[in-house]
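# Coordinates in review
One letter stands for each residue in the lines below.
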Amino acid sequence: LPTIAAALAAPIGGRISDRLTRTLGPVHSGRRLILIGNLVGAVALLVGAFAESAVIAIAGFTVATATRGFVESPYWATALAIGGARAGTVGGIMNGFTNFGGAISTAIAPLLVSLLGWPVALAAAAAVVVLGGLIPYAMHAIGREQTATA
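Residues numbered from 1 in each chain as written. Predicted model: local features only at pLDDT ≥ 70, side-chain atom pairs only at ≥ 80, totals over all residues. Heavy atoms only, no water.

## Quick word on helix α3 (residues 54-83)
Side chains that are three or four residues apart share a direction in an α-helix, a result of its 3.6 residues per turn. Helix length check: α3, at 30 residues, gives a terminal C-alpha distance of 43 Å against a target of 44 Å (1.5 Å per residue), a fit within 8%. V71 marks where α3 bends most, by close to 30°; the proline P74 follows one to four residues later. Looking one or two places after α3, you find G84, whose phi comes out positive at around 55°. (Helix = DSSP H or I, 4+ residues; strand = E, 2+ residues; numbered from the N terminus. Expected span 1.5 Å × (residues − 1). Bend = angle between axes of the 7 residues up to and from the residue.)

Spelled out as structure tokens, the structure:
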């Protein structure tokens, strides 16, 4: 169910990103969608982590996973807009850090679970999700920011 939700949310995020780009430009629209999606995802992850009902836990984890699909298109569109002529480099750096984070999490998650339990480990993951929503705000467009008409 979570993977299906992410697959369904991905084109929705892309469509909303394209629509907002017309009014806000590609960088600002992407940043906003990424932050909103990540905040919703972090809250949903916390709901799932601390749920006392299996149904609520599944719903929380499904919504959290759906938000990952939702922000995928805005992440790439923002990377392309920020990178300009160096979009491949920016995309490569973004993808590299994502893979690095995945590698680190496979080592840290079992340690957190064994020491502090699943809810705390998932709360730490939610904090990382929020950080991921803020990172695009620290990135600056190379050259001038591209607008919807540029």
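## A look at the packing of α3 against helix α5 (residues 118-138)
Relative orientation of the contacting elements α3 and α5 amounts to 20°, with a least axis distance of 13 Å. Relative to α5, α3 is oriented roughly parallel. Like other packed secondary-structure pairs, α3 and α5 cross with a definite hand, here left-handed. Here F61, R68 and Y75 of α3 lie close against α5, whose contacting residues are L122, V129, G132, G133 and P136. (Axes fitted to C-alpha atoms, helices over the stretch in contact; angles between N-to-C directions. Parallel < 35°, antiparallel > 145°, perpendicular 65-115°, else oblique. Left-handed = near helix turned anticlockwise from the far one by under 90°. Contact = heavy atoms within 4.5 Å.)

## Some thoughts on a nonpolar patch on the surface
A surface patch of nonpolar side chains, about 500 Å² in accessible area, is lined by I93, F97, F100, I104 and I108. With respect to the secondary-structure elements, I108 resides in helix α4 (residues 87-116). (Patch = residues over 30% accessible without salt bridge, like charges linked within 9 Å, V, L, I, M, F, W, Y side chains within 5 Å. Areas by Shrake-Rupley, 256 points an atom, 1.4 Å probe, with all protein chains shown as cover. Salt bridge = Lys/Arg side-chain N within 4 Å of Asp/Glu carboxyl O.)

## Overview of the confidence of the model for the protein chain
Detail in the predicted coordinates should be disregarded across regions flagged by low pLDDT. Per-residue pLDDT for the protein chain averages 90, and the proportion of residues at 70 or more is 93%. Taken as a whole, residues 143-150 scores under 50 in pLDDT and shows 11 contacts with residues more than four places along the chain or in a different chain. (pLDDT = per-residue confidence, 0-100.)

## A look at the environment of G60
Topologically, G60 is positioned in helix α3. Remark: the alpha-carbon pair of G60 and V47, spanning 13 residues in sequence, is separated by 5.4 Å. Filtering out sequence-adjacent residues up to four positions away, G60 remains in contact with A44, L45 and G48.

## Some remarks on the packing of α4 against α5
Between α4 and α5, the shortest axis-to-axis distance is 7 Å and the interhelical angle comes to 140°. Compared by their axis directions, α4 and α5 come out oblique. Of the two elements, α4 crosses α5, and the hand of that crossing is right-handed. Mapping the contact onto sequence places L112, V113 and L116 in α4 and W118, V120, A121 and A124 in α5. Partitioning the contact of α4 with α5 into residue classes produces 7 nonpolar, no polar and no charged. (Nonpolar A, V, L, I, M, F, W, Y, C, P; charged D, E, K, R; others polar.)

## Concerning the environment of T98
As for its placement among the helices and strands, T98 is situated in helix α4. Considering only alpha carbons, one finds T98 and G132, 34 residues apart in sequence, at a separation of 9.7 Å.

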